[in-house]
Amino acid sequence: MEFHASTDFEEYPLPPRVFFTPHHGSASDPQQVHISIGGIDRIRVTWITDDKTVPSTVEYGTEPGTYLSKASGDNNSSYKFLPYTSGSIHHVSTGPLEPNTTYYYRCGGHGPEFSFKTPPSTLPLEIAIVGGFGQSDWTKSTLQGLGSKDYDLLLLPGDLSYANNRQPLWDSFGGLVEPVASRRPWMVTQGNHDMESYLVDEAESFMAYNARWLMPYKQSGSTSNLYYSFDVAGGVHIIMLGSCTEFELGSDQYKWLVADLDAIDRKATPWVIVSVHMPWYNTNYEHQGDGEGMRLAMEELLYRARVDVVFAGHVHAYERFTRIYDNEAYPSGPIYITIGTGGFQGGIELS
C-alpha cells in the first residue's frame, strides 16, 4: 500500500495569498460536488444548488453520456447560521458499483458531466493524505499535485475550509476542491477551524461540516458524523476519530472505538489506519499538548489493536515518528505522522 503525503511547500517561503472561489453557473447547476465512500460498493455524491426545486438524483454509467442507472437521495436540506442560509444540500448514494471502475455521472438531471473511479477490491491501494487545506496559493499547489496522481482515495484529518464561522468560505472551499474531490472519494474528519464557535451545543457546533461533509458513520455503528470507520480494498480498515468531540473513558466515542477495534479480524485485515486532527506526538513549538488528553484516553486501545499508523493534521508542518507507545520507542506501537501542510494561509510552522 502506498501513501502520498503533501509536503511540497518550499517554493512558497512567505505566507500565501488567500482567495475566494465563486460559483459562475446557474441556480440549478450542481456546485461544490464531492464524493465519499458510502458503504460497501457504494459512493455517495454530494452537491449544492441555489435552486431548491432541483431533485436529489444522480444518473450514472460506465460510458460518457450514457446513464443506465439512477439513484435518488433523501429530500435536500439546508441550514442557517446567523444571517447566512445555505443552498440546498444533496446527498445521494450510488451503487452497487464495480471496484476499480470509472463511472460518469450527472447531478440533479442538469449541468455538466462528472466522473469518478471506485477504489479497488484488493490491495494494492494508494491513499493520499492532506491536512490543513484552507484556501490559498498553497492549497492550489496541493490540489494540482493531487490532480496529477492516480490515487484511490484521500484522507483529510481536519481543518477543511478554515471558515471559522464565515459560512461563505464553506461554499468557496467546495468550489475550489470540486475538480479533484468529484473524482476520488474524500474521507474527512473535523478540525477546530471547522466549527461554529458561537454555538455551545456540540451537536450544532459543527453545523456546516455535518451538513456538507456527510461521512458513513451510521454504517460503522457510530452515532456521530464526527467519528466513523470504513473498510476498503479488502484488507484495510480506516478509523477517523474526532479530536473535537468527547473522547474520554466512558464517552460515546470511546465506547464506539472499543467495539470497532474488537470487531477487526487482523487475519483478514492486515492494515489498520487511524486519523485524528490533533497529533498525539508533536515536537513542534506550536500546539504543544493539544492532543495529549486524547492520547491518554485512547492510546492503549490503539496499541492493543496493533494499529499500524496514525495520521494527524493541526500542526502546519510535517513530522514522522518511529513506532512509539507511551512516549517511548516501541517496536509494536503505531507510526505517528503529522501532515498539516495542505495550504493553511498562516504559513508553515517550523520547529
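This text gives an overview of the structure that appears in the document. Fair warning: this is a prediction, and the values are worked out from it, not measured in the lab. (Residues numbered from 1 in each chain as written. Predicted model: local features only at pLDDT ≥ 70, side-chain atom pairs only at ≥ 80, totals over all residues. Heavy atoms only, no water.)

## Some details on the overall build of the protein
Along the protein, the regular secondary structure elements total six helices and 20 strands. Taking 2.2 N^0.38 as the reference for a compact globule, 351 residues should give roughly 20 Å; the C-alpha atoms of the protein span a radius of gyration of 19 Å, in line with that estimate. Expressed along its principal axes, the backbone C-alpha trace of the protein runs to roughly 55 × 45 × 40 Å. The 351 residues of the protein split such that 58% are buried. Taking all contacts inside the protein whose residues are at least 6 apart in sequence as the whole, residues at least 24 apart take part in 70%. If you sum the accessible surface of the protein, you get close to 14,700 Å²; carbon and sulfur atoms cover 50% of it. (Helix = DSSP H or I, 4+ residues; strand = E, 2+ residues; numbered from the N terminus. Rg over C-alpha atoms; globule rule 2.2 N^0.38 Å. Buried < 20%, exposed > 50% of the residue type's maximum accessible area, 1.4 Å probe, protein only. Contact = heavy atoms within 4.5 Å. Areas by Shrake-Rupley, 256 points an atom, 1.4 Å probe, with all protein chains shown as cover.)

## Things to note about the packing of helix α5 (residues 252-262) against helix α6 (residues 292-304)
Look at α5 against α6: their axes get within 10 Å of each other, and the N-to-C directions meet at 15°. Put simply, α5 runs roughly parallel to α6. Pair α5 / α6 crosses with right-handed handedness. Along its contact with α5, which presents Gln253, Tyr254, Leu257, Val258 and Leu261, the element α6 presents Met294, Ala297, Met298, Leu301 and Leu302. Looking at side-chain class alone, the contact of α5 with α6 contains nine nonpolar, one polar and no charged residues. (Axes fitted to C-alpha atoms, helices over the stretch in contact; angles between N-to-C directions. Parallel < 35°, antiparallel > 145°, perpendicular 65-115°, else oblique. Left-handed = near helix turned anticlockwise from the far one by under 90°. Nonpolar A, V, L, I, M, F, W, Y, C, P; charged D, E, K, R; others polar.)

## Considering the sheet that holds strand β19 (residues 328-329)
The mixed open sheet is built from seven strands, whose spatial order is β14-β15-β16-β17-β20-β18-β19. Looking at which strands have only one partner, the edges of the open sheet turn out to be β14 (228-232) and β19. In this sheet, strand β16 (residues 271-275) lies alongside strand β15 (residues 236-240) in parallel orientation, the contact comprising five bridges. Residue Val236 lies in a different strand from β16, and its bridge partner there is Trp271. Sheet contacts for α6: β16, β17 (309-312), β18 (318-325) and β20 (335-339); angle to β18, the most-contacted strand, approximately 70°. (Pairing = 2+ DSSP bridges.)

## Details of helix α2 (residues 168-181)
One turn of an α-helix holds 3.6 residues; hence residues three or four places apart share an orientation. Taking 1.5 Å of rise per residue, 14 residues should cover 20 Å, and α2 covers 19 Å from first to last C-alpha, within 8% of that figure. At Gly175, α2 is deflected by roughly 30°, the largest bend along its length, and proline Pro179 occurs up to four residues later in sequence. For α2, a buried count of eleven out of 14 residues is recorded, marking the element as mostly surrounded by other parts of the structure. Taken as a whole, α2 has its buried residues at Leu169, Trp170, Asp171, Ser172, Phe173, Gly174, Leu176, Val177, Glu178, Val180 and Ala181. (Expected span 1.5 Å × (residues − 1). Bend = angle between axes of the 7 residues up to and from the residue.)

## Quick look at unusual backbone geometry
For the peptide bond that leads from Gly95 to Pro96, omega is 5°, which places it in the cis range. Its place among the elements puts Pro96 in the loop between β8 (88-94) and β9 (102-107). Going from Leu123 to Pro124, the amide bond is cis rather than trans, its omega being 10°. Looking at where Pro124 falls in the secondary structure, it is placed in the loop between β10 (114-117) and β11 (126-129). Even without a glycine there, the phi angle at Gln32 is positive, about 60°. Mapped onto the secondary structure, Gln32 falls in strand β2 (residues 31-39). One non-glycine residue, Arg306, lies in positive phi territory at about 60°. Mapping Arg306 onto the fold places it in the loop between α6 and β17.

## Some remarks on the nonpolar core
Ranked by internal contacts, the top residues of the largest apolar core, which has 96 residues, are Tyr105, Leu146, Leu155, Trp186, Trp213, Phe230 and Ile238. With seven residues, α2 is the single largest residue contributor to this core. (Core = buried A, V, L, I, M, F, W, Y, C linked by side-chain atoms within 4.5 Å.)

## Brief notes about the sheet that holds β10
With antiparallel pairing, four strands are arranged side by side in an open sheet as β5-β4-β9-β10. Two strands close off the open sheet at either side, each with one partner strand: β5 (69-72) and β10. Averaged over all pairs of adjacent strands, the angle between their axes in this sheet comes to 30°, without regard to strand direction. Alignment of β9 against β10, held across four bridges, turns out to be antiparallel. Residue pairing in the sheet places Tyr103 in a bridge with Phe116 of β10.

## With respect to α6
Its 13 residues give α6 an end-to-end C-alpha distance of 18 Å, which sits within 8% of 18 Å, the value for a rise of 1.5 Å per residue. The largest bend in α6 comes to about 50°, at Met298. Inspection of α6 places Met294, Arg295, Met298, Glu299, Leu301, Leu302 and Tyr303 among the buried residues, and these make up the whole buried set. The inward-facing, buried residues of α6 abut α5, β16, β17, β18 and β20. Of the residues flanking the end of α6, it is Arg306, one or two places downstream, whose phi is positive at about 60°.

## Quick word on the packing of helix α1 (residues 137-147) against α2
Running from amino to carboxyl end, α1 crosses α2 at an angle of 15°, the nearest separation of the two axes being 9 Å. Considering the angle they form, α1 stands roughly parallel to α2. Judged by the twist between their axes, the crossing of α1 over α2 is left-handed. Along its contact with α1, which presents Thr139, Lys140, Leu143, Leu146 and Gly147, the element α2 presents Leu176, Val177 and Val180. Classifying every residue of the contact of α1 with α2 gives five nonpolar, two polar and one charged.

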